[in-house]
Amino acid sequence: MSSTACTHPAVATPSVSRLDPTLVFTVAFTVTAWASSFPAIRAGLAGFGPSEMAALRFALAGTPAALFLIATRAKLPERADIWRFLVGGVIFIAGYALLLNFGQRVVPAGPAAFIINTNPIMTAVLAMLILGERFSLTAWLGTTLSFAGIGVIALGKGLDVEIGLSVLLILGAAFCNAITTVVQKPLFARYKPLHVAAWNQAIGGFVLLPFLPAAIAQAQVAPALSFWSVVYLAAVPSLIAYGTWAITLSRLPAARAANFQYCVPPMATLMGFLWLGEVPTLFGIVGGAMALAGVVVVNLKR
């Protein structure tokens, strides 16, 4: 699960001029964990409904996140910042999880990761509209290339109504990520990154509580692979990876750190093949390459 929205700081970080073993570990772990979330979601959906899986995942992640906030005596959100934290919990955690889960009922792990990775483009567009940042002709060309790639992925799946809706749902999840990046970026001048991430998960888990009773009922009959996939989603791509990403951002400028996320879609495709036997199609490979290339083009001079 790509998570740029949770942990972009608003202040510059020092550049790293030599190999940092801690940074090597945190980058490698974060990329691997987020890539693994896409096949894990597909595996979890074999035993859970999309809403129920989201609820169980963030009940398991949100509870220790809340305990972490208490144990570390985290600063309470200031009144003017409450809405920004709510955006993180409601839109990024709950909205993102629901849209991605519903979309991945049909879309395989690899293509879903490529579609989600268009969120930097959406963030750039929002920054242009809201923050007045410039968006060049090259950036628009990259945007066109990326979304054309998503069209190729959909075409390779048949372009029926179900595929089209599923692709739109995953694009909606990417948009949730982009919105949160823009809205929460100012928080990192006043709050610790780990605390922002923990607040997001705790609030998101609370919002998803209405689906938890059904999730508990489904857990009692779900296949073992599905159940443990949800536990894995809660522990590794959520709790731990949000922490390693925060450490990465504390040691690298945000834009430079974000570049490592370009490794997520190819790795998710490989994991989907090894874990679930999802063989990438020619359309999926070509479309994914176009989508990724478009994101790179948009961010060339950012």
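Structure's up top.
Just so it is clear, the model here is predicted, and its values are computed rather than measured.

S.K.: A description of unusual backbone geometry should follow, citing residues and the corresponding values.
M.R.: Despite not being glycine, R73 shows a phi value in the positive range, around 50 degrees. Structurally, R73 can be placed in the loop between α3 (50-71) and α4 (82-103). Overall, the relative accessible area of 77% leaves R73 in the exposed class.

S.K.: Go over the packing of aromatic side chains with me, naming the residues and quoting the values.
M.R.: Geometrically, a pair of aromatic rings is defined through the distance of the ring centres and the angle of the planes. In this structure the tally under the stated criterion is six aromatic pairs. Arranged with centres 5.1 Å apart and planes meeting at 90 degrees, the rings of F85 and Y191 form a pair that is edge-to-face. Residue F85 is located in helix α4, and its partner Y191 is located in the loop between α8 (161-184) and α9 (193-207); the two are separated by 106 residues in the primary sequence. Accessibility expressed as a relative area gives 2% for F85, which makes it buried.

S.K.: Give me the nonpolar core: which residues, what numbers.
M.R.: Judged by nonpolar contacts, the single largest core of 64 residues is most densely connected at F38, Y96, L100, I115, I116, V167 and I170. In contact with I115, not counting residues within four places along its chain, are V107, I150, I153, V167, I170, L171 and A174. Formed by 11 residues, the second largest nonpolar core is a distinct cluster that contains L69, L187, Y191 and A198.

Rules used throughout
- Numbering of residues begins from 1 in every chain and follows the order in which that chain's sequence is written.
- Confidence filtering applies because this is a predicted model: local features only for residues at pLDDT of at least 70, side-chain atom pairs given and counted only at 80 or more, and all residues used for totals across whole chains, interfaces and linings.
- Just so you know, side-chain values use all the structure's heavy atoms and leave hydrogens and water out.
- Think of it this way: any DSSP run of H or I at least four residues long counts as a helix, any run of E at least two long counts as a strand, and we number them from the N terminus.
- Residue burial is assigned from relative accessible area. The probe radius is 1.4 Å, only protein chains are included, and a residue is buried under 20% of its type maximum, exposed over 50%, and partly exposed in between.
- Two rings belonging to Phe, Tyr or Trp (six-membered ring only in the last case) form a pair when the distance between their centres is within 6.5 Å. Interplanar angles under 30 degrees mark stacking, angles over 60 mark edge-to-face geometry, and anything in between is tilted.
- Residues belong to one nonpolar core when they are buried, are Ala, Val, Leu, Ile, Met, Phe, Trp, Tyr or Cys, and are joined through side-chain atoms within 4.5 Å.
- Here a residue-residue contact requires only that any non-hydrogen atoms of the pair lie within 4.5 Å.

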